Amino acid sequence: MEPSNHIKSQLELSRNYHDVKGVDNLRRAAQSGDKGALEEAANQFEAIFVQMLLKTMRKAQEALADKDSPFNSEQVKFYRGMHDQQMAVDLSSKGSFGLAKLIVQQLGPQQEGFTPASVIRSDGNLPNRDDKVQAAQKLSASSNSEDATGPSKQSAFASAKDFISTLMPIAEEVANKIGLAPQAMIAQAAVETGWGQFMIHNAQGKNSHNLFGIKAGGNWQGDKTAIDTLEYREGIANQQKASFRSYDSFAHSLEDYVSFVRDNPRYRQALDKVSDPQQYFEAIQKAGYATDPNYANKVMSVLKGQFSEFMSALTTGPSGGEF
């Protein structure tokens, strides 16, 4: 007997429901590199699928069957199950359903019109483990890009040094109205605007001066600018268009932030913790100020890190260059 015919006969034996060595025969054939092993494995997978269908159909039939009938005894059910399993194997070996053929085409060598599983597909919108990060980066880049035909986010400060030196005197005047440290207020504005590099501008290029990302709700009577923004729903970043408040100056923006937090009942508990910036930002995040689940940590990271370094440089003077 030819070797290939011998392997083929072993594979055919594995189809027999009563052959307990069937799986082992199939495993050895696959290890030998025989192409028929994949086809036989696909047939057996199809057989399992067909068997599940038959079993489900039998269960539905049993619900309406006469329990006192001799044809519904446990012995009959046992042999009927064996019959269904063997019938499933026979049907799959003849390609009755076509599932095995599809499996071979997908897992086997590349064929025209089919992409094997060994190749990473790039022709579809398939998510990966980093989809949250990639979505956030993509949407953030899109919302921050300049669009000459509509509202955009543009730089309004030459550097972080310029951002701090411009806003700090104003923050020192208004922050004490709610007891918040001016440094904490500037740190939050830095997170919201990327140190002033992504300020909302309207279609005519006018700066909205919105330092804190405050949206224009129904009770807002002033100017507003609609632009794409990044929001988080169940931890996943999504892009949506929203209207934001527009101000005549940065001073107006800082003053409105104080009024917004102080006069809004939802931030009442946050104001009780204003002496501790960490607890304050965690409280306003929990109250719904921002949908970013890491919002409070981002503000505190800036306050304890970059902001402290920049303030130190402003005090002692940088050795050279801009921030």
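Reading the values: the criteria
- Residues numbered from 1 in each chain as written.
- Predicted model: local features only at pLDDT ≥ 70, side-chain atom pairs only at ≥ 80, totals over all residues.
- Heavy atoms only, no water.
- Helix = DSSP H or I, 4+ residues; strand = E, 2+ residues; numbered from the N terminus.
- Buried < 20%, exposed > 50% of the residue type's maximum accessible area, 1.4 Å probe, protein only.
- Areas by Shrake-Rupley, 256 points an atom, 1.4 Å probe, with all protein chains shown as cover.
- Contact = heavy atoms within 4.5 Å.
- Patch = residues over 30% accessible without salt bridge, like charges linked within 9 Å, V, L, I, M, F, W, Y side chains within 5 Å.
- Salt bridge = Lys/Arg side-chain N within 4 Å of Asp/Glu carboxyl O.
- Axes fitted to C-alpha atoms, helices over the stretch in contact; angles between N-to-C directions.
- Parallel < 35°, antiparallel > 145°, perpendicular 65-115°, else oblique.
- Left-handed = near helix turned anticlockwise from the far one by under 90°.
- Nonpolar A, V, L, I, M, F, W, Y, C, P; charged D, E, K, R; others polar.
- Core = buried A, V, L, I, M, F, W, Y, C linked by side-chain atoms within 4.5 Å.
- Polar contact = N/O pair within 3.5 Å; in protein donor to acceptor, adjacent residues only side chain to side chain.
- Arc of directions from axis to C-beta.
- Phe/Tyr/Trp six-rings, centres within 6.5 Å; stacked < 30°, edge-to-face > 60°.

Further remarks concern the overall build of the protein. Along the protein, the regular secondary structure elements total 13 helices and four strands. Expressed as a percentage of the 323 residues in the protein, the buried residues total 34%. Accessible area for the protein stands at about 19800 Å²; split by element, carbon and sulfur atoms hold 52% of it.

For W195, which is not glycine, the phi torsion reads 60° and is therefore positive. Along the chain, the position of W195 falls in the loop between α8 (182–193) and β2 (199–201). Of the residues examined, W195 reaches a relative accessible area of 11% and is grouped as buried. The phi dihedral of H209 is positive, around 60°, even though this residue is not glycine. Along the chain, the position of H209 falls in the loop between β2 and β3 (224–233).

Tracing the chain through its elements places D256 in helix α9 (residues 250–263). Residue classification places D256 among the buried residues on the basis of a relative accessible area of 11%. Leaving out residues up to four positions away in the same chain, D256 has contacts with I214, W220, R245 and Y247.

Judged by side-chain polarity, F49, L53 and F97 come together as a nonpolar surface patch covering roughly 280 Å² of accessible area. Among the secondary structure elements, F97 is positioned in the loop between α4 (74–93) and α5 (99–107).

For M185, the location among the structural elements is in helix α8. Discounting chain neighbours no more than four positions away, the residues touching M185 are A171, V174, A175, L180, F212, L254, Y257 and V258.

In the structure shown here, the tally under the stated rule is four salt bridges. A salt bridge links D263 to R262; the shortest N-O distance between them is 3.5 Å. D263 gets classed as exposed once you look at its relative accessible area, which sits at 55%. Residue R262 is classed as partly exposed on the basis of its relative accessible area of 39%.

In a pair of packed helices, the angle between the axes and the distance between the axes together describe the arrangement. Close contact between helix α7 (residues 160–174) and α8 brings their axes to 9 Å; oriented N to C, the two are set at 130°. The angle between α7 and α8 falls in the class oblique. For α7 against α8, the interelement crossing comes out right-handed. Contact residues: α7 offers F163, I164, L167, M168, A171, E172 and V174, while α8 offers P182, Q183, M185, I186, A189, A190 and T193. Here the contact of α7 with α8 is composed, by residue class, of eleven nonpolar, two polar and one charged.

All right, on to the nonpolar core then. Counting residues in hydrophobic clusters, the biggest one holds 46 residues, and the most contacted among them are F163, M185, L211, F212, Y257, Y280 and Y289. Those elements giving two or more residues to this core turn out to be α7, α8, α9, α11 (277–286) and α12 (295–304). The element that contributes the greatest number of residues to this core is α7, accounting for seven residues. Those residues in contact with Y257 that lie beyond four places of it in its chain are L180, M185, Q188, F212, I214, Y280, I284 and Y289.

The subject of this paragraph is the side chain of N207. Assignment of secondary structure puts N207 in the loop between β2 and β3. Judged by its relative accessible area of 13%, N207 is buried. Only 2.9 Å separates the side chain of N207 from the backbone nitrogen of H209, close enough to count as a polar contact. Residues in contact with N207, not counting those within four places in the same chain, are A156, M199, I200, H201, Y247 and F250.

Below, the discussion takes up the packing of α7 against α9. Running from N to C, α7 and α9 cross one another at 35°; their axes reach a closest spacing of 10 Å. Between α7 and α9 lies a crossing of right-handed hand. Residue-level inspection shows L167, I170, A171 and V174 of α7 in contact with α9, the latter providing F250, A251, L254, E255 and V258. Of the residues assigned to the contact of α7 with α9, the class counts are eight nonpolar, no polar and one charged.

Here we take up α11. Turning to α11, its buried residues are P277, Y280, F281, A283 and I284. For α11, the angular spread of buried residues about the axis comes to 160°, placing them on one side. Looking at the buried side of α11, the elements it contacts are α8, α9, α10 (268–271) and α12. Capping the start of α11 is the job of one residue whose side-chain oxygen sits 3.1 Å from the backbone nitrogen of Q278: D276.

On to the packing of aromatic side chains, then. To describe a pair of aromatic rings, one takes the distance between the centres and the angle between the planes. Applying the stated criterion across every chain, the model contains eleven aromatic pairs. Their ring planes at 50° and their centres at 5.8 Å tell us that F260 and Y267 sit as a pair that is tilted. Plain terms: the ring middles of Y280 and F281 are 5.1 Å apart, the flat faces sit at 65° to each other, and that makes the pair edge-to-face. According to the relative accessible area criterion, Y280 is buried, its value standing at 0%.

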